[in-house]
Amino acid sequence: MLQTGQTILLNECRQLMTKRMRTSLTGMLNEVDDNLMKMAQDKNGEMGETACYEAVRELRIKRTEIKLRFERRLINLFENEVRTAEETESPKSKDKDETLKYFFFNELGKAKSVSIEQSAGEVRKTCSQVLMDLDNNFSLLLDTGETINPLQPEIVFEAFREACCDIKSGDEVRLMLLNIFEERIGNELTAVYQDINKLLVTEKKREKLAKKEEKMAMEISPESEKQSLLLKYEMITLIEKRLEGKEVPDFVRKFLLKNWRLFLENTYIKYSENSIARSE
């Protein structure tokens, strides 16, 4: 079972990815829109003018839906990977892995398919080092012997496949979407993986510092605490003895018993016979 801190950090990583992917998908859809408008003006193009304008119309209508479907699928796959990391059973078979699906194109003269694994493999070459670091950081966070990365490229491509599966404008438009997505996503993922790595490393350093401070606090000896407590009461007794029989306003009494007492304690510690300052 993941602890609260782990869950919060995982959600921050996921939110960072989804936010950046919204921007990336917007840029991709804008580029496809521009390409289709140019193709509509090309009298010798493979797609007719009417088909181009119909594709532009469909993509503009479904723009928000595409981004929402992408995000929902990405979140779902992310959570599945995290749950798998928590399980004690053997890892699921690769043959049943949801990310090993295909982009199918059946209307381009001959049947064509592009595997998600194949597309993701090209991206892995672009961001190999930063992805290796991210795999290690996620594995440390999830405390598993297996290499776990709930935001690996295959998951991003599967989310994209799901987002575009309902495009009715034909295989040529869907293939254009995939090609432009592949062209853009390598650099995009490199940048977002770098930022997620920074987030995980920074949190790891903060956690180590917190544990170190906690350990130091626990190492304070009982004898030291006892001496500090005795000194406090000694100073309170000294101040109250000086105030005995005198009419002193409440705010003055409070100041003497709190602020002045602390000053006397610090002075005593600084100049006591056993202090470093005294021995010098």
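Residues numbered from 1 in each chain as written. Predicted model: local features only at pLDDT ≥ 70, side-chain atom pairs only at ≥ 80, totals over all residues. Heavy atoms only, no water.

Most often, soluble globular proteins have nonpolar side chains that are buried together. Among the nonpolar cores identified, the biggest contains 59 residues, and Met 17, Phe 70, Phe 160 and Leu 177 are the most heavily contacted of them. Of all the secondary-structure elements, those providing two or more residues to this core are α1 (4-41), α2 (49-86), β1 (102-105), α3 (116-126), α4 (128-142), α5 (153-164) and α6 (171-218). Apart from the residues lying within four places of it in its own chain, the contact partners of Met 17 are Leu 74, Leu 151, Val 156, Leu 189, Val 192, Tyr 193 and Ile 196. (Core = buried A, V, L, I, M, F, W, Y, C linked by side-chain atoms within 4.5 Å. Buried < 20%, exposed > 50% of the residue type's maximum accessible area, 1.4 Å probe, protein only. Helix = DSSP H or I, 4+ residues; strand = E, 2+ residues; numbered from the N terminus. Contact = heavy atoms within 4.5 Å.)

Averaged over every residue, the pLDDT of the chain is 84; residues scoring 70 or more account for 87%. Within the chain, α2 carries the highest mean pLDDT (93), whereas helix α9 (residues 276-279) carries the lowest (45). When the criterion is pLDDT under 50, residues 89-99 qualifies, and its contacts beyond four places in sequence or with other chains add up to 11 contacts. (pLDDT = per-residue confidence, 0-100.)

Here α1 crosses α2 at 165 degrees, and the two axes come no closer than 10 Å. With respect to α2, the element α1 is oriented roughly antiparallel. Our pair here, α1 against α2, has a crossing hand that is right-handed. A class-by-class count of the residues in the contact of α1 with α2 yields 21 nonpolar, 4 polar and 9 charged. (Axes fitted to C-alpha atoms, helices over the stretch in contact; angles between N-to-C directions. Parallel < 35°, antiparallel > 145°, perpendicular 65-115°, else oblique. Left-handed = near helix turned anticlockwise from the far one by under 90°. Nonpolar A, V, L, I, M, F, W, Y, C, P; charged D, E, K, R; others polar.)

A few words now on a nonpolar patch on the surface. Residues Phe 255, Trp 260 and Phe 263 make up a contiguous nonpolar surface patch of about 310 Å² in total accessible area. Mapped onto the secondary structure, Phe 255 falls in helix α8 (residues 250-271). (Patch = residues over 30% accessible without salt bridge, like charges linked within 9 Å, V, L, I, M, F, W, Y side chains within 5 Å. Areas by Shrake-Rupley, 256 points an atom, 1.4 Å probe, with all protein chains shown as cover. Salt bridge = Lys/Arg side-chain N within 4 Å of Asp/Glu carboxyl O.)

This next bit is on α5. Spanning 12 residues, α5 covers 17 Å between terminal C-alpha atoms, matching the ideal 16 Å at 1.5 Å per step. For α5, the full list of buried residues reads Pro 153, Glu 154, Ile 155, Val 156, Phe 157, Glu 158, Ala 159, Phe 160, Arg 161, Ala 163 and Cys 164. (Expected span 1.5 Å × (residues − 1).)

Turning next to the packing of α1 against α4. Interhelical geometry of α1 versus α4 gives an angle of 155 degrees and a closest axis separation of 10 Å. With respect to α4, the axis of α1 lies roughly antiparallel. Residues Gln 6, Leu 9, Leu 10 and Cys 13 of α1 form the contact with α4, whose own contacting residues are Phe 138, Leu 141 and Leu 142. Classifying every residue of the contact of α1 with α4 by side-chain character gives 6 nonpolar, 1 polar and no charged.

Counted under the stated rule, the structure contains 3 aromatic pairs. Between Phe 157 and Phe 181 the ring centres are 5.4 Å apart and the planes differ by 85 degrees, which places this aromatic pair in the edge-to-face class. One end of the pair, Phe 157, is in helix α5; the other, Phe 181, is in helix α6, and 24 residues separate them in sequence. In this pair, the class of Phe 157 matches that of Phe 181, namely buried. (Phe/Tyr/Trp six-rings, centres within 6.5 Å; stacked < 30°, edge-to-face > 60°.)

As a further point, take the pattern of salt bridges. Per the stated rule, a full pass over the model turns up 20 salt bridges. One salt bridge in this structure joins Asp 166 and Arg 69, with 3.8 Å as the shortest N-O distance. On the criterion of sequence distance, the pair formed by Asp 166 in the loop between α5 and α6 and Arg 69 in helix α2 is long-range, its members being 97 residues apart. The class of Asp 166 is partly exposed, set by a relative accessible area of 27%. Residue classification places Arg 69 among the buried residues on the basis of a relative accessible area of 16%.

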